[in-house]
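Spelled out, the chains give:
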Amino acid sequence: MKLSDAIADMILNMFDDDTSSVQIQRNDLAQQLGCVPSQINYVITSRFTPEQGYRIESRRGGGGYILITRAASRDDALASLISSVGNSIDEKTARSHIYNLHIQNVISEKAAKLMMSVISDSNYKGLPNDLKDAVRASQLKQMLLVIAE
């Protein structure tokens with residue numbers, strides 16, 4: 001298991017059914033895992049994003065902390081993602097969002113595979129990159145809206 005996966009798993013395990021927020025001390029967590037604090041920052045900024053249904057607050061200094069709050073509901077997480085997609089999205093970013101939805105049990109493995117096939121670059125052969133990314137964004141939003149229903 002990669003260190004970034006271990007960090008993300010440790011943070012996710014801090015959440016339970018009754019808790020929508022966790023407060024962590026970056027240095028303490030880094031010490032527990034035997035890594036540098038910047039690795040904790042990397043995981044938080046890449047895996048606990050608003051698009052994935054999380055809000056991050058941090059307080060710096062001696063008593064500083066990082067507060068991670070997850071969306072109150074599946075619908076809130078989907079609404080955040082839909083609004084963050086914008087008018088254009090590349091394949092790598094779209095795949096990342098779909099993967100995260102699956103990992104968070106918002107969509108099934110079958111739905112994730114179907115969505116991955118729809119947003120694949122191979123479907124847009126011959127289109128200029130900007131048009132390709134615009135069509136992909138539109139299709140991804142439509143799929144997310146169907147899931148949110």
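The following refers to the structure shown. As the structure is a prediction and not an experimental result, all values here were calculated from the model. (Residues numbered from 1 in each chain as written. Predicted model: local features only at pLDDT ≥ 70, side-chain atom pairs only at ≥ 80, totals over all residues. Heavy atoms only, no water.)

**Some words on the side chain of S4**
Here is step 1: By the element assignment, S4 lies in helix α1 (residues 3–14).
Here is step 2: With relative accessibility at 17%, the residue S4 sits in the buried group.
Here is step 3: For S4, the side chain forms a polar contact with the side chain of R47, separated by 3.3 Å.
Here is step 4: Not counting chain neighbours up to four residues away, the residues in contact with S4 comprise Y42, V43 and R47. (Helix = DSSP H or I, 4+ residues; strand = E, 2+ residues; numbered from the N terminus. Buried < 20%, exposed > 50% of the residue type's maximum accessible area, 1.4 Å probe, protein only. Polar contact = N/O pair within 3.5 Å; in protein donor to acceptor, adjacent residues only side chain to side chain. Contact = heavy atoms within 4.5 Å.)

**Some thoughts on the sheet that holds strand β1 (residues 21–24)**
Here is step 1: With antiparallel pairing, three strands are arranged side by side in an open sheet as β1-β3-β2. If you trace the sheet from one side to the other, it starts and ends with β1 and β2 (54–59), each paired once. In this sheet, neighbouring strand axes are inclined to one another by 15° on average, regardless of whether the strands run parallel or antiparallel.
Here is step 2: The strands touched by α1 are β1, β2 and β3 (65–70); relative to β1, the strand with the most contacts, the crossing angle is about 125°.
Here is step 3: On the sheet, helix α3 (residues 37–47) packs against β1, β2 and β3 and is oriented at approximately 25° with respect to β3. (Pairing = 2+ DSSP bridges. Axes fitted to C-alpha atoms, helices over the stretch in contact; angles between N-to-C directions.)

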